Amino acid sequence: MASGASIALITLIEGQAIAALSIRDLDDAVREKLRIRAAQHGKSMEAEIRDILTAAVAEDTPATDLFSALAERFARLGGVDLELPSRSTSPRAASLPE
């Protein structure tokens, strides 16, 4: 952390402050990147940070099992058809110790 920069965000709706957030000890390089990103998007730093935070929490999805999560994540890439070789021997029953 460089100089201990901070950012204060206050959201106003119809002239009333509804939320305030202060971020202390923010690295100067991060602050500068946020400023540049906001300028590239034609927004104030406050609006850019608000959009970043909103997007970050919107990505929260209900927990699913690993298979479903992987299937959903890679579904847009299309499927893969694999050729399974035929068995050369018959399956055998497992032998469990008694």
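Look above for the structure.
Let me begin by describing the structure that accompanies this report. Note that the coordinates shown come from a computational prediction; the quantities given were computed from them, not determined experimentally.

1. Quick word on the packing of helix H1 (residues 28-40) against helix H2 (residues 45-58)
Here comes step 1: The interhelical angle for the contact between H1 and H2, taken along N-to-C directions, is 95°, at an axis separation of 9 Å. Classified by the interaxial angle, the pair formed by H1 and H2 is roughly perpendicular. Of H2, the residues touching H1 (which contributes Arg31, Leu34, Arg35, Arg37 and Ala38) are Met45, Glu48, Ile49 and Ile52.
Here comes step 2: Of the residues in the contact of H1 with H2, the class split is five nonpolar, no polar and four charged.

2. A few points about the pattern of salt bridges
Pairing between side chains of opposite charge can happen when the charged atoms of each approach one another.
Here comes step 1: Going through the model one piece at a time under the given rule, you end up with five salt bridges.
Here comes step 2: The closest approach of N and O atoms between Arg37 and Glu48, which form a salt bridge, is 2.7 Å. Placement of Arg37 in helix H1 and of Glu48 in helix H2 is noted, with a sequence separation of 11 residues between them.
Here comes step 3: Since its relative accessible area comes to 2%, Glu48 is described here as buried.

The rules behind these values
Residues numbered from 1 in each chain as written. Predicted model: local features only at pLDDT ≥ 70, side-chain atom pairs only at ≥ 80, totals over all residues. Heavy atoms only, no water. Axes fitted to C-alpha atoms, helices over the stretch in contact; angles between N-to-C directions. Helix = DSSP H or I, 4+ residues; strand = E, 2+ residues; numbered from the N terminus. Parallel < 35°, antiparallel > 145°, perpendicular 65-115°, else oblique. Contact = heavy atoms within 4.5 Å. Nonpolar A, V, L, I, M, F, W, Y, C, P; charged D, E, K, R; others polar. Salt bridge = Lys/Arg side-chain N within 4 Å of Asp/Glu carboxyl O. Buried < 20%, exposed > 50% of the residue type's maximum accessible area, 1.4 Å probe, protein only.

Function cannot be read off these values alone, since they describe shape.
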